[in-house]
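Each chain is listed here by its residues.
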Amino acid sequence: MRFSADTLNDNRIVLLLADSRKLKQTNTAVISELTRNGYNVLIVSVTLPNIVVRRTYEAAEIDLAKIYVVDAVTRYSDGPTVPNDPHCKYISNPGNLTDIGIAITEWIKPLPGEKKCLFVDDISTMLLYSPSITISKFIHFITNKLRLFDVAGVFLAVEKGLDPALFSQISTFTDLIQTIEDDEKQKALKENLSAD
Amino acid sequence: MLSVLLVDDDPALLEIARTHLAKNKEMGVDTAQSAAEALEKLNVVTYDVVVSDYDMPITTGIEFLKTLRSSGNLTPFIIFTGKGQEQVAMDAINNGADFYLIRAGDPKHEFIDLTHKIRKSVKQRRAEIEIRESEERLRKLLYSLPSGVLVIDAETHIIVQANPAALLMMGANEQDITGNSCFELVCPAEESQCPITDLGQKFESSERLLLRNDGTSIPVLISVARITLGNRQVLVETFTDLSAQKETEHELQKSREKYRHLIEQSNEAIVVAQDGVLRLANNKAVEFTGYSEQELLSMPFPVLIHPDDRAMVVDHYNERVKGGEAPSRYIFRLQPKDGSTRWVELSVSVIDWDRQPATLNFLTDITDRKRTEETLLQLTDRLSLATRAGGVGIWEQDLIKNTLTWDDQMFSLYGITREVFGGAYETWQGAIHPDDRQRCDAEHQRALRGETNYNTEFRILRPDGKTRSIRALALVQRDISGKPLRMVGTNWDITGQKKVERELHESRENYRTMVEEIHDMIWLSDTKGLLKYVSPRSTTLLGYQPEEMIGHLFSEFISLEDTKSVHNIFEKNFNEPEELHLIETHSLRKDGRIIILESSAVPYYAKNGTLVGYRGVSRDITEIKKSGELQSLLAAIVTSSDDAIVGEDSHHMVTTWNLGAERIYGYSREEMVGTDSYRIVPEVEKDALHNIIDRVLQGEPVEHFNTFRVKKDGSLVEISMSLSPILDDHGHIIGIAKIARDLTKQRETEKALLAYISETAMRLKIPVELIGGRLSEIQKQVLAGDVTPEELHLQLQIQVRNTEQIVSNLRELNMAISTGFSTIPEAYQDYLKR
């Protein structure tokens, strides 16, 4: 199943689960879908540096004017940063949830008629830097903020990468849990169905 | 018209005179030719005037006049004669003639003169009659007046007339009064000071003292007025006797004083209430209320009434004043000035007070009476309660009226209704058990004769068929001659007591049998241990007959090594008596064998509190002692075990409860032993446990199993339980032993391990997969030439950082494991901490 921006009309906060090998691909597809549907998107990136994010999106013909990146890995990896970049906020490391939260809070207030969506890439990687209980509290905090300002949210995680307790908690904060099937799986599924 | 009787012996003259006198129709004239004829006519007819000749043949005019006047006839009388003698004229006037006319001139003029005289005499006579009648009326009036009247000459102050009332008041007759000065009798102090004659007043009215003829005086109200009587000035002095009035006033004053005294000295508070305030309050009212009289008369009277009774009293007052119905006597509470409470009984009536309705209230202080009543009520209640509580019925036999009276409890005791009872002695007799009836009646009669006190027991047959035992006591009241007047007594049910007595007797028999048949030896000793009784079991236990032991010291049957200690025990207890607990002694049987006796004893005392000796029991515990050591070992194991070891009988009642059970379940041994072991089993586990226990009781082997129990604090504890049967000496299952191991720590360890594995998987396994995936993507980018060297470096650096973080996380988890679980061997802990 592919992600559709229409999903956000009824379900404002979605947990997307994808295969660990297809995270980048899913990321690009979701951002492309959101921007095409008029969303300004804040990407919290804990996997790719801002520079790679932008080049990847540019290659996918995504309108970069609608993109704002909170980059939590460039500094941590001693990568180059652009001072006073109006489209990017650099955070010291992926475990610095406080600064990430502040960056989201600063961005979250929408202008009248503006469609906004937060995209977190991804929760599974964030678990590398913070205990599951901390991640649970962070997501609870962020989803409350989103609901307060009626901003949509998409949280990406590795399919089967969350332990049952954390998965249960996050599912209570979100409106919908959607698993992204990769093309190969879908293709195989269709072939099986036609064979039957 | 005037009626005239003409009397003359000369008919001609009579006719002439008639003609002249009647011609103007003023007069009607009758005639008579002699005095005798005239007197006859006068007896029948009343004439206004008689005109008579003087010189008549048989009776002269003068004689005729005398006869007429002597008969009381005062008709005007005129002598009309030809004789002109002066002596005759004098006689005529002196004998009551009104006029004397002489016929000596012109007849015309003579008859004119006669007519004139007739008119004049009639007029004069009529005036005289009127005066006389007036005087008579005045006299009657004067004489009929109740007030005394004195007529006094105004000039001389001489009393000229006194009416009978005045004479009566003065105690005198008219001669004593008339002719005397009024100053002497009426106004002695006013001589020359008479208000009328000397001071010029027209009228005087005042109270004086009237001097009586006997020297006493009476109070009178005197009114004096000056009037003209005839041609002289007189004082008419009227006086009214004030004696009665004064007496009445005096009596009234005395009565008022008396009533005032009565009111003030009354033991009741007396108040008059009108328009919501008090108009009168006596001393007692002041004393009752503590307010002064002035305060009482100036405040609304409801203030004096206790708030709880105020509305009721005011309602009664208003209703009564309106003329409605209200109780004339009732009880309420006053609230005196000091705030205390006084009970009063009010007797009230409506009176006129200053021509307005008011209430006259008599208040009697009944505070003490109320207290007494309350006390009496309490005592009565208490007595009633006591008799009811004690089931005591009270009866009274009136020996004069031959009636028997029962209270409610008596009816309850006998199960008889009032209607059936009817107050007859025979009814009571009929209720007594036939076997006791004659004896009862005889005892009753003996008591009445004074031979014995009435104090007996008997049985009654109730209508419901039940037999009850009754205890009865009574006293006989007699007159001074010793004749019984009445008998008052009590009955109470002693059926229960009788039953207890029977049971006690049976119990004593049972105990005696038990003592003699029990396997232990029962004994009694004095304070020194000298045996006074030994039960027959001594034969089996020590080989001695009881008779062989009685009279000997208890210590004589003890082996030598214990003799001294036993002796010391009795010595010590003589000074400080106390229970002798389970003394173990080696005792010497008659056959020389040594057995171990376990003895215990309690001291017993005489009524005066002195120690009499000991009651003891001894048993052979030789066999028990042998197995005791093994039991002690097992007991120590059970006691010291960390596992809960619980014994219960076949009815699930807990019989043993070790320290491990106390630790795991939280209940102490005292709380659990003797109670249902299922109280700690959760509801959902009970059926399963029943099945398992049934299997155990049937001898089936049962594997240990995990289950839950409810701790004292309400929480659940998971345990591993094994069950095994408890067998008696004959191999019968008599209970179950439950051994439970607390799985809490084991479960905590498992939980932590699960958390560790889960967290490890989440924070290590998935990130490793992510890194792998991303390195694959980077590889693809490199192969496709789709990445700059800087980007490649940066992306690889990110994955290096991720890898370092994985290692750091792994170390952190190792630390947590190694420090969190003491059960991990030290070598492994060191290894994990590296």
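Residues numbered from 1 in each chain as written. Chains lettered and ligands numbered in written order. Predicted model: local features only at pLDDT ≥ 70, side-chain atom pairs only at ≥ 80, totals over all residues.

## Considerations on the overall build of chain A
Our working definition: Counting from the N terminus, the helices are the DSSP runs of H or I reaching at least four residues and the strands are the DSSP runs of E reaching at least two. Counts of 20 or more other C-beta atoms within 10 Å of a residue's own C-beta define buried residues, counts of 12 or fewer define exposed ones, and intermediate counts define partly exposed ones; C-beta atoms are placed from the backbone. Note that contacts rest on C-beta atoms placed from the backbone: two residues are in contact if these are within 7 Å.
From N to C terminus, chain A includes eight helices and seven strands. Burial status across chain A gives 44% buried among its 196 residues. By sequence separation, contacts in chain A at least 24 residues apart represent 76% of the contacts at least 6 residues apart.

## Quick word on the overall build of chain B
Each helix and strand in chain B was counted, giving 28 helices and 30 strands. For chain B, contacts bridging at least 24 residues in sequence account for 44% of all contacts bridging at least 6.

## Let's talk about the pairing of strand β6 (residues 152-158) of chain A
Walk down a regular strand and you will see the side chains alternate between the two sheet faces. Residues and elements named next belong to chain A. Quick reminder of the rule: The pairing criterion is simple: DSSP has to find at least two bridges between the two strands.
Counting buried residues in β6 gives seven out of seven residues, a clear majority hidden from the surface. Burial of the side chains of β6 extends over both faces: A152, V154, L156 and V158 are buried on one face and G153, F155 and A157 on the other. With six bridges joining them, strand β1 (residues 13-18) and β6 adopt parallel strand pairing. The residue bridging L15 from the neighbouring strand is F155, located in β6. Pairing analysis gives five bridges linking strand β5 (residues 115-121) to β6, with the strands arranged parallel. Across the sheet, C117 pairs through a bridge with A152, a residue of β6.

## Considering the sheet that holds strand β4 (residues 77-81) of chain B
Through backbone hydrogen bonds, the strands of a sheet pair up, either in parallel or in antiparallel fashion. All names here are of chain B. Stated precisely, the cut-off is as follows: Angles shown run from 0 to 180 degrees and are taken between the N-to-C directions of axes, each axis being a line fitted to C-alpha atoms and, for helices, limited to the stretch in contact.
Strands sit in the order β2-β1-β3-β4-β5 across an open sheet of five strands; the sheet is parallel. Edge strands, defined here as strands with exactly one partner in the open sheet, are β2 (27-32) and β5 (99-102). The mean inter-strand angle of the sheet, taken between neighbouring strand axes irrespective of direction, is 20 degrees. Strand direction decides the pairing type here: strand β3 (residues 49-52) and β4, joined by three bridges, are parallel.

## So, the nonpolar core
As a reminder, the rule being used: Buried Ala, Val, Leu, Ile, Met, Phe, Trp, Tyr and Cys residues whose C-beta atoms connect them within 7 Å together make up a nonpolar core.
Formed by 65 residues in total, the largest nonpolar core has its most connected members in L16, I43, C117 and F119 of chain A. The residues touching I43 of chain A, leaving out its near neighbours within four places in the chain, are I31, V53, I67, V69, V70, F119 and D121 of chain A. Judged by nonpolar contacts, the second largest core, of 34 residues, contains L6, A35, V49 and F77 of chain B.

## Overview of unusual backbone geometry
Residues and elements named next belong to chain A. The peptide bond linking D121 to D122 adopts the cis configuration, its omega dihedral lying at -15 degrees. Along the polypeptide, D122 turns up in the loop between β5 and α5 (123-129). Its identity as a non-glycine residue notwithstanding, N84 has a phi of 55 degrees, on the positive side. Mapped onto the secondary structure, N84 falls in the loop between β3 (67-71) and β4 (88-90).

## Quick word on the sheet that holds strand β30 (residues 733-742) of chain B
Residues and elements named next belong to chain B. Strand order in this open sheet of five strands is β27-β26-β30-β29-β28, and the pairing throughout is antiparallel. The open sheet is flanked by β27 (654-657) and β28 (705-710), the only strands paired with a single partner. The sheet shows a mean angle of 35 degrees between the axes of neighbouring strands, direction not considered. Of the pairings in the sheet, the one linking strand β26 (residues 644-649) to β27 comprises three bridges and is antiparallel in character. Residue G647 lies in a different strand from β27, and its bridge partner there is T656. On top of the sheet, helix α25 (residues 683-697) reaches β28, β29 (716-727) and β30; it is set at about 25 degrees to β29, its chief contact.

## Digging into the interface of chain A and chain B
Often, the extent of an interface is quoted as the loss of accessible area upon association of its parts. The cut-off we apply is this: Each residue receives one of three labels: charged for Asp, Glu, Lys and Arg, nonpolar for Ala, Val, Leu, Ile, Met, Phe, Trp, Tyr, Cys and Pro, and polar for the others, Gly being one of them.
Taken residue by residue, the interface counts 25 residues in chain A and 23 residues in chain B. Only α2 (23-36), α3 (50-59) and α5 of chain A provide two or more residues apiece to the side of chain A that touches chain B. For the side of chain A that touches chain B, a count of residues per class yields 12 nonpolar, nine polar and four charged.

## Focus on helix α3 (residues 61-70) of chain B
All names here are of chain B. Convention followed: Each C-beta atom gives one direction from the helix axis, and the arc is the one those directions make.
Every buried residue of α3 is listed here: G61, I62, F64, L65 and L68. Take α3 and look down its axis: the buried residues cluster within an arc of 160 degrees, on one side only. Where the residues of α3 are buried, they touch β1 (2-7), α2 (35-44), β3, β4 and α4 (86-94). Once α3 ends, the next one or two residues include G72, with phi positive near 90 degrees.

## Re α2 of chain B
Residue and element names in this part refer to chain B. For α2, the set of buried residues is A35, A38 and L42. Angular distribution of buried residues about the axis of α2 spans 60 degrees; they occupy a single face of the element. Seen from the open side of α2, the exposed residues pointing more than 90 degrees away from its buried face are E40, N43 and V44. Of the surrounding elements, those touching the buried residues of α2 are β1, β2, β3 and α3.

## Notes on the confidence of the model for chain B
Low pLDDT marks regions whose predicted coordinates should not be analysed in detail. Let me state the cut-off plainly: The pLDDT value tells you how sure the predictor is about a given residue, anywhere from 0 up to 100.
The pLDDT averaged across chain B works out to 86; a share of 96% of its residues lies at or above 70. The ipTM assigned to the predicted complex is 0.86, against a pTM of 0.37.

## With respect to the environment of C182 of chain B
Residues and elements named next belong to chain B. In this fold, C182 is placed in helix α8 (residues 182-185). Judged by the 22 C-beta atoms lying within 10 Å of it, C182 is buried. Along the backbone, C182 and V160 are 22 residues apart, and their C-alpha atoms lie at a distance of 9.9 Å. Aside from chain neighbours lying at most four places away, what touches C182 is L150, I152, H157, I159, C187 and E237.

## Quick notes on the pairing of strand β12 (residues 277-281) of chain B
All names here are of chain B. Pairing between strand β11 (residues 269-274) and β12: four bridges, direction antiparallel. Its bridge partner being in β12, V272 is matched across the sheet by L280. Between β11 and the antiparallel strand that follows it, β12, lie two residues; D275 among them carries a positive phi value of about 50 degrees.

## As for the environment of V277 of chain B
Residue and element names in this part refer to chain B. Counting through the fold element by element, V277 comes out in strand β12. For V277, a count of 14 C-beta atoms within 10 Å corresponds to the partly exposed category. Taking the C-alpha atoms as reference points, V277 and A358, 81 residues apart in sequence, are found 9.9 Å from one another. For V277, the residues in contact, after removing those within four places along its chain, are P300 and F301.

## Digging into the packing of helix α4 (residues 97-108) of chain A against helix α6 (residues 132-148) of chain A
Residues and elements named next belong to chain A. What counts here: By the definition adopted for this analysis, an angle is roughly parallel if under 35 degrees, roughly antiparallel if over 145, roughly perpendicular if from 65 to 115, and oblique otherwise.
The geometry of α4 relative to α6 is characterised by a closest axis approach of 11 Å and an angle of 10 degrees between their N-to-C directions. Put simply, α4 runs roughly parallel to α6. Residues L97, G101, I104, T105 and I108 of α4 form the contact with α6, whose own contacting residues are T134, F138, F141, I142 and K145. Of the residues assigned to the contact of α4 with α6, the class counts are six nonpolar, three polar and one charged.

## Examining the packing of α2 of chain B against α3 of chain B
Residue and element names in this part refer to chain B. Note the threshold: In this scheme, a crossing is called left-handed if the near helix is turned counterclockwise away from the far one by less than a right angle; it is called right-handed if the turn is clockwise.
Viewed as axis vectors pointing N to C, α2 and α3 meet at an angle of 25 degrees, and their least axial separation amounts to 10 Å. Looking at the two axes, α2 sits roughly parallel to α3. Considering only the axes of α2 and α3, their crossing is right-handed. Here A35, A38, L39 and L42 of α2 lie close against α3, whose contacting residues are E63, F64, T67 and L68.

## Here's the deal with the environment of F80 of chain B
Residue position: F80 of chain B is located in strand β4. Note: C-alpha distance between F80 of chain B and V51 of chain B (29 residues apart in sequence) is 6.4 Å.

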